[in-house]
Amino acid sequence: VRANARFVRDVSVEHGGFGTFLAAWPATDLIGLIDLLAKRGARLGGATGQYFLRFIGKDCFILNPDVVACLRDSGLDIAAAPTSKRDLRLVQRQFNDWAAETGLPYTHLSRICAMSVGENRTVTDDDA
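This is a predicted model, so every value here is computed, not measured.

**What to know about the packing of helix H6 (residues 85-102) against helix H7 (residues 106-116)**
The N-to-C vectors of H6 and H7 enclose an angle of 105°; their axes lie 10 Å apart at closest approach. As summarised for this structure, H6 and H7 are arranged roughly perpendicular, according to the angle between their axes. Note on element contacts: H7 touches H6 through Tyr106, Leu109, Ser110 and Cys113, opposite Gln92, Phe95, Asn96, Trp98, Ala99 and Thr102. A class-by-class count of the residues in the contact of H6 with H7 yields six nonpolar, four polar and no charged.

Written out as structure tokens, the structure is:
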């Protein structure tokens, strides 16, 4: 907690506020922001950083297993657990393309992707 408080304070001083910094960071480079969180924050790498960004309202994707499966089903040649710079660049490029094509926010695209594959449940008349 202390290390992340220092991180937030330092970024705030450098950029005139942590929220200002996050708002200015382009969605087209979320992997860069996630990398910065991992390097400068404490335990903010990987999924933790992604969920942190989503929780505070940053428009972002989350690479949970269903999103990764969706990306792979769409033809993206990435690992089942994409962590390499190459895979993350491909993921970012795919989300950038989808955002440009649809006009939808990255958060929406990520959620649509997550709900398009995996263990999804269909509502039946009994559930209504």
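**A few points about the state of the cysteines**
Within this structure, the stated rule accounts for one disulfide. Across the disulfide, Cys70 is cross-linked to Cys113 (sulfur-sulfur distance 2.2 Å). Its S-S torsion of approximately -110° makes the covalent link between Cys70 and Cys113 left-handed. Here Cys113 lies in helix H7 and Cys70 lies in helix H5 (residues 65-73), a separation of 43 residues in the sequence. Cys113 carries the same exposure label as Cys70, and that label is buried. Here Cys60 is not cross-linked by a disulfide; its sulfur's nearest cysteine counterpart is in Cys113, at 14 Å. Judged by relative accessible area, Cys60 falls into the buried class, the value being 1%.

Criteria and thresholds
Sequence order sets the numbering: in each chain, residues are counted from 1 along the sequence as written. Restriction of local features to residues with pLDDT of at least 70 applies here, the model being predicted, together with a cutoff of 80 or more for giving and counting side-chain atom pairs; totals for whole chains, interfaces and linings are based on all residues. The side-chain numbers reported here are obtained from all heavy atoms of the structure, hydrogens and water having been left aside. Axis definition: a line fit to C-alpha positions, over the contact stretch in the case of helices; interaxial angles, taken between N-to-C directions, run 0 to 180 degrees. Per the convention used, a helix needs a DSSP run of H or I reaching at least four residues, while a strand needs a run of E reaching at least two, with both numbered from the N terminus. The cut-offs work like this: below 35 degrees is roughly parallel, past 145 is roughly antiparallel, 65 to 115 is roughly perpendicular, and the gaps in between are oblique. Working rule for contacts: check all heavy atoms of both residues, and any pair within 4.5 Å makes them a contact. When residues are sorted by character, Ala, Val, Leu, Ile, Met, Phe, Trp, Tyr, Cys and Pro go into the nonpolar class, Asp, Glu, Lys and Arg into the charged class, and all the rest, Gly among them, into the polar class. Disulfide: a pair of cysteine sulfur atoms within 2.5 Å of each other. Exposure classes here rest on a 1.4 Å probe applied to the protein chains alone. A residue is buried below 20% of its type maximum, exposed above 50%, and partly exposed in between.

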